[in-house]
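Structure at a glance
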Amino acid sequence: MASLGGGAWDVDARTARPQSLIVTVYGAFARAHDDWLPVAGLVSLLGSLSVDEQSIRGAVSRLKRRGVLTSQRRHGAAGYAISPETRRLFEVGDARVLHGTRSHPDDGWVLLAFSIPESARDLRYRLRSRLSRIGAGQVDRGLWIGPKHLLPDIALVTSDLHVQERVSVFAAEHIGYEPTAAAVRRWWDLDTLAVQYLDFVNAFADDGQRWVRVRSRIDPQDAFA
């Protein structure tokens, strides 16, 4: 999930980057093929998205260094597979993105408090960014909140960043003093979120209808792009 904040088209700008596109392709398609794609196939798929081969290979190398992908040769062909850690991230993301969960006020909250020193500022930034991306809201600098169903996501984020010793997690209930609805508007920028959702729908609704109309004569490469 793209992080929140900035203009609505931050999402569009990020997904145009080769690394983001590669991760999307692996998350959406590679798991149906034993988590692996050949290099030639990846180049062909990303070529349909106007990404040149040099950019693809550079992005794959960076993803490999980060442990997102692992190089594997299968069936006599060079390729890359999803690492076990990346598959776990995809599976948790599936539950959030594809099977959206609606919370009820009675479900309660999960609070995450952390203390990361200035000397580890980059780690602190990455933790905040990841918490935002999974849908948590910021109560204060080192205090974040989310509906209770985010607990598996929070556990994965803290484990992935190796910050468990710097973090305390609590199950919580909001009891005052401002109304919960007002507090939620302070923890999340709901107006900006609404604009981003509407901008996305308005930008792509016509495309969706167009593909419905031509379903019987879709070119596979065009459909993928």
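Residues numbered from 1 in each chain as written. Predicted model: local features only at pLDDT ≥ 70, side-chain atom pairs only at ≥ 80, totals over all residues. Heavy atoms only, no water.

With respect to the pairing of strand 6 (residues 143-147)
We apply this condition: We call a residue buried when its accessible area falls under 20% of the maximum for its residue type, exposed when it is over 50%, and partly exposed in between, using a 1.4 Å probe and counting protein chains only. Under the scheme used here, helices are H or I runs from DSSP no shorter than 4 residues and strands are E runs no shorter than 2 residues, and both carry numbers assigned from the N terminus. Strands are labelled as partners when DSSP assigns at least two bridges between them.
Taken across its five residues, strand 6 has four buried, putting it largely inside the fold. Bridge count between strand 4 (residues 109-114) and strand 6: five bridges; the pairing is antiparallel. Across the sheet, the residue bridging to Leu111 is Ile145, located in strand 6. From the end of strand 5 (residues 137-140) to the start of strand 6, which pair antiparallel, there are two residues.

Considerations on the pattern of salt bridges
Pairs can form between side chains of opposite charge whenever their charged atoms are close. Quick reminder of the rule: Every case where a carboxyl oxygen of Asp or Glu lies within 4 Å of a side-chain nitrogen of Lys or Arg is listed as a salt bridge.
According to the stated counting rule, one finds eleven salt bridges in the structure shown. A salt bridge links Arg130 to Asp160; the shortest N-O distance between them is 2.9 Å. With a gap of 30 residues between them, Arg130 in helix 6 (residues 121-133) and Asp160 in helix 7 (residues 151-160) connect regions that are remote in the sequence. According to the relative accessible area criterion, Arg130 is buried, its value standing at 15%. Residues joined by salt bridges that share partners form a network here, namely Asp35, Arg87 and Glu91.

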